[in-house]
Amino acid sequence: MCDKHLEPYQREAATWRLRLNRTDILIGDWSASYFSCICCPPLLKTLNPDIKIIVMLRDPVDRALSRFVEQKRVPNGPFRKQVENSTFAEWAATELVSLRDCISRAERFRGPAPAGAGPFTGWGAGWTLGEWMEAQCLARSNLLGWSAYSVFLGNWLAHIPPERLLVLYTVDLSADPLAVLRRVEAFLGVRQHTYDPQRLGLVFNARDCYNWRCSKPQKEVGPVDKADGAAAGGHEGPFKQAHAELVRFFRPYMQRLFSWADEGKIAQVPPAWRTTYA
Ligand SMILES: Nc1ncnc2c1ncn2[C@@H]1O[C@H](COP(=O)(O)OS(=O)(=O)O)[C@@H](OP(=O)(O)O)[C@H]1O
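Residues numbered from 1 in each chain as written. Predicted model: local features only at pLDDT ≥ 70, side-chain atom pairs only at ≥ 80, totals over all residues.

As for the overall build of the protein
So, point 1. Scanning the protein from N- to C-terminus turns up twelve helices and four strands.
So, point 2. Against the globule reference of 19 Å for 278 residues, the protein gives a C-alpha radius of gyration of 20 Å, in line with a compact fold.
So, point 3. Taken along its principal axes, the extent of the C-alpha atoms in the protein is 60 × 55 × 35 Å.
So, point 4. The buried share among the 278 residues of the protein stands at 24%.
So, point 5. Relative to all contacts within the protein whose residues are 6 or more apart in sequence, the contacts with residues 24 or more apart total 60%. (Helix = DSSP H or I, 4+ residues; strand = E, 2+ residues; numbered from the N terminus. Rg over C-alpha atoms; globule rule 2.2 N^0.38 Å. Buried ≥ 20, exposed ≤ 12 C-beta atoms within 10 Å, placed from the backbone. Contact = placed C-beta atoms within 7 Å.)

Considering the UniProt feature "domain: Sulfotransferase" (unreviewed entry) in the protein
So, point 1. The UniProt record marks residues 46-191 with the feature "domain: Sulfotransferase" (unreviewed entry), using the residue numbering of this structure.
So, point 2. Secondary structure within residues 46-191 divides into 55% helix and 7% strand; the distance between the first and last C-alpha atoms comes to 27 Å. (UniProt positions renumbered as here; feature names shortened; annotations may be inferred.)

Quick look at the site of the ligand
So, point 1. Surrounding the ligand, one finds 14 residues, the nearest of these being Ala32, Ser66, Val203, Asn205 and Ala206.
So, point 2. At the level of secondary structure, the elements contributing two or more residues to the shell around the ligand comprise helix 3 (60-73), helix 8 (170-175) and strand 3 (202-204). (Near = placed C-beta within 6 Å.)

What about the UniProt feature "binding site: 3'-phosphoadenylyl sulfate" (unreviewed entry) in the protein?
So, point 1. Per the UniProt record, the feature "binding site: 3'-phosphoadenylyl sulfate" (unreviewed entry) sits at Arg58, Ser66 and Tyr210.
So, point 2. Considering the arrangement of structural elements, one finds Arg58 in the loop between strand 1 (53-57) and helix 3.
So, point 3. Setting aside residues up to four positions removed in sequence, Arg58 forms contacts with Arg63 and Thr170.
So, point 4. The topology assignment puts Tyr210 in the loop between strand 3 and strand 4 (215-217).
So, point 5. In this structure Tyr210 comes out as partly exposed when scored by C-beta crowding, with 15 C-beta atoms within 10 Å.
So, point 6. Residues in contact with Tyr210, not counting those within four places in the same chain, are Glu70, Arg73, Val74 and Asn205.

Quick look at the packing of helix 5 (residues 88-107) against helix 6 (residues 129-139)
So, point 1. The contact between helix 5 and helix 6 brings their axes to 8 Å, and the two run at 170°. Classified by the angle their axes make, helix 5 and helix 6 are roughly antiparallel. For the pair helix 5 and helix 6, the contacting residues are Leu99, Cys102, Ile103, Ala106 and Glu107 in the first and Gly130, Met133, Glu134 and Cys137 in the second. (Axes fitted to C-alpha atoms, helices over the stretch in contact; angles between N-to-C directions. Parallel < 35°, antiparallel > 145°, perpendicular 65-115°, else oblique.)

Focus on the environment of Leu257
So, point 1. Structurally, the position occupied by Leu257 is in helix 11 (residues 237-262).
So, point 2. Under the C-beta neighbour-count criterion, Leu257 is labelled buried, with 22 such atoms within 10 Å.
So, point 3. Not counting residues up to four positions away in its chain, the partners in contact with Leu257 are Tyr149, Ser150 and Val269.

Notes on the environment of Tyr9
So, point 1. Looking at the element boundaries, Tyr9 is found in helix 1 (residues 7-20).
So, point 2. Given 14 C-beta atoms within a 10 Å radius, Tyr9 is considered partly exposed.

Some remarks on the confidence of the model for the protein
So, point 1. The predicted model of the protein has a mean per-residue pLDDT of 92, with 96% of residues at 70 or higher.
So, point 2. Across the interfaces of the predicted complex, the ipTM metric reaches 0.95, alongside a pTM of 0.94. (pLDDT = per-residue confidence, 0-100.)

Concerning helix 1
So, point 1. Across its 14 residues, helix 1 extends 20 Å between first and last C-alpha, which sits within 8% of the 20 Å expected from 1.5 Å per residue.
So, point 2. The first or second residue beyond helix 1 is Asn21, which carries a positive phi of 55°. (Expected span 1.5 Å × (residues − 1).)

Notes on the packing of helix 7 (residues 149-159) against helix 11
So, point 1. One can describe the packing of helix 7 onto helix 11 by two numbers: an axis separation of 8 Å at closest approach and a directional angle of 40°. One element, helix 7, and the other, helix 11, form an angle in the oblique class. Residues Tyr149, Ser150 and Val151 of helix 7 lie in contact with helix 11, whose contacting residues are Tyr253, Arg256 and Leu257.
So, point 2. Class assignment for the residues of the contact of helix 7 with helix 11 results in four nonpolar, one polar and one charged. (Nonpolar A, V, L, I, M, F, W, Y, C, P; charged D, E, K, R; others polar.)

Describing unusual backbone geometry
So, point 1. Unusually for a residue other than glycine, Asn21 sits at a positive phi of about 55°.
So, point 2. Here Asn21 lies in the loop between helix 1 and helix 2 (40-47).

Details of helix 11
So, point 1. Counted at 1.5 Å a residue, the expected span for helix 11 with its 26 residues is 38 Å, and the 35 Å between its end C-alpha atoms agrees.
So, point 2. Of all the residues in helix 11, the buried ones are Phe239, Ala242, His243, Leu246, Phe249, Phe250, Met254, Leu257 and Trp260.
So, point 3. Where helix 11 is buried, its residues meet helix 3, helix 5, helix 7 and helix 12 (271-276).

Some details on the environment of His243
So, point 1. Structurally, His243 can be placed in helix 11.
So, point 2. Sequence separation between His243 and Pro119 is 124 residues; the distance between their C-alpha atoms is 31 Å.

Laid out in structure tokens, this is it:
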């Protein structure tokens, strides 16, 4: 992202304003890949100093599992080769070894925090070399590392003031989509829209339905299939062990999120996370 030419990106926003002949519209952009992009916070803030950021977080293991299953099922997925011959438990065990190795090499370069570092540090904003290297290890591990939310969220918060960054949780979107949309509208300062109630209950990019024109009512999204070796009737055997190991790996990152939530710096986390990652 950061090496790309900026003009076409700027042109996108201008094109929409011209097309609609309006200067009072808010232009948004979204992607699952911005969050872990290390250089994106300063880049986007430079492009738009008043930018507002919305982050949607899901239980970290569930996110990894969702991405794993997606990569198994999408024929040309970029990580298909990594996952095609493994169960989730097998793949996670291998990935954890290489991720932990990478992080332990980064650890040697961690060093003391620079004098005057604020409550959040990030890329070019107080990260030591070791922290940057750890973030690189995690950013390069799309399926697993991207779930180490505190590293990436801290980087965003080092560049974007907390009042311009809204953290939302997928579990709340599932339970009450309208309430989440109302929070988004209030955060953006836009008028409340009247949503089609049927569309509010739809889920996009769900298993077996991977494209933006394919949606399903939420109740039709079943459990992850046994064929993926992910969850045989819930949490049994190797999957249960892999889940426990992943919870151990993510715990310190989650604990940081919890402390930010307790300090009022981000929205309170889903209660179930406190139990799982205690
Ligand atoms: N409204 C709503 N509420 C709750 N959950 C939802 C919703 N919409 C999509 N989903 C689930 O999100 C998963 C797909 O994530 P993404 O759309 O970010 O995938 S992608 O990275 O852009 O391909 C995918 O999760 P899994 O089905 O577990 O794989 C979707 O089911």
